[in-house]
Amino acid sequence: MLKKTLFFSNPLYLSLKNNQMVINTRQMPEEKRTIPIEDIGFVIIENQQIAITIPLLNALTDNNVAVIFCNNECMPNSMLQVLEGNTIQAERYK
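Report on the accompanying structure.

**Regarding the overall build of the protein chain**
Step number 1: When helices and strands are tallied, the protein chain shows two helices and eight strands.
Step number 2: For the protein chain, the succession of helices and strands along the chain, N to C, is β-β-β-β-β-β-α-β-β-α.
Step number 3: Within the protein chain, residue pairs in contact and separated by at least 24 positions form 45% of the contacts whose partners lie at least 6 positions apart.
Step number 4: Accessible area for the protein chain stands at about 6500 Å²; split by element, carbon and sulfur atoms hold 51% of it.

**Considering the sheet that holds strand 6 (residues 51-52)**
Step number 1: Overall, mixed pairing links the four strands, which are arranged 4-3-2-6 in an open sheet. Strands at the two margins of the open sheet, each flanked by one partner only, are strand 4 (32-36) and strand 6.
Step number 2: As judged from the five bridges shared by strand 3 (residues 20-25) and strand 4, these two strands associate in the antiparallel manner. Considered in strand 4, the bridge of V22 is made with T34.
Step number 3: Lying over the sheet, helix 1 (residues 54-62) contacts strand 2 (12-17), strand 3 and strand 6, oriented at roughly 65° with respect to strand 2.

**A look at the nonpolar core**
Step number 1: F8, L14, M21, I40, V43 and L60 are the most contacted members of the largest nonpolar core, which totals 17 residues.
Step number 2: Taken together, the elements giving at least two residues each to this core come down to strand 1 (4-8), strand 2, strand 3, strand 5 (40-45) and helix 1.
Step number 3: The contacts of L60, once residues within four sequence positions are left out, are M21, I37, I40, V43, V65 and V67.

**Regarding the state of the cysteines**
Step number 1: For the structure shown, the criterion picks out zero disulfides.
Step number 2: C74 provides the cysteine sulfur closest to C70, a residue in no disulfide bond, and the two sulfurs are 6.8 Å apart.
Step number 3: Judged by relative accessible area, which is 10%, C70 ranks as buried.

**Regarding the environment of L16**
Step number 1: You can see L16 is positioned in strand 2.
Step number 2: In sequence terms L16 and P36 are 20 residues apart; their C-alpha atoms lie 9.7 Å from each other.
Step number 3: Apart from the residues within four sequence positions on either side, L16 is in contact with V22, I37, T53, P55, L56 and A59.

**Topic: the environment of L83**
Step number 1: Within the secondary structure, L83 sits in the loop between strand 8 (76-80) and helix 2 (87-93).
Step number 2: With a relative accessible area of 38%, L83 lands in the partly exposed category.
Step number 3: Sequence separation between L83 and N64 is 19 residues; the distance between their C-alpha atoms is 9.8 Å.

What counts, and at which threshold
Residues numbered from 1 in each chain as written. Predicted model: local features only at pLDDT ≥ 70, side-chain atom pairs only at ≥ 80, totals over all residues. Heavy atoms only, no water. Helix = DSSP H or I, 4+ residues; strand = E, 2+ residues; numbered from the N terminus. Contact = heavy atoms within 4.5 Å. Areas by Shrake-Rupley, 256 points an atom, 1.4 Å probe, with all protein chains shown as cover. Pairing = 2+ DSSP bridges. Axes fitted to C-alpha atoms, helices over the stretch in contact; angles between N-to-C directions. Core = buried A, V, L, I, M, F, W, Y, C linked by side-chain atoms within 4.5 Å. Buried < 20%, exposed > 50% of the residue type's maximum accessible area, 1.4 Å probe, protein only. Disulfide = S-S within 2.5 Å.

Structural measurements only, silent on function.
Structure (structure tokens):
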């Protein structure tokens, strides 16, 4: 199955509920959208005003989802990856 790439460029609140990513807009907090974590391959966070919870980040890394954070110029700045599956990288950190 193909994994989805999610690109967020507007101020949002991202959280986790029932192993699904919950997306809340700040303009309309009563409107929520959910996406199963298993269907996600990449998450790109471009806007600096996006709030994301730690349980969601942990769930994303547990499912091998790459999370890419962009800087003020909207260029990729850093990437969150799981360390447990990469033995060479884990040894370097030790």
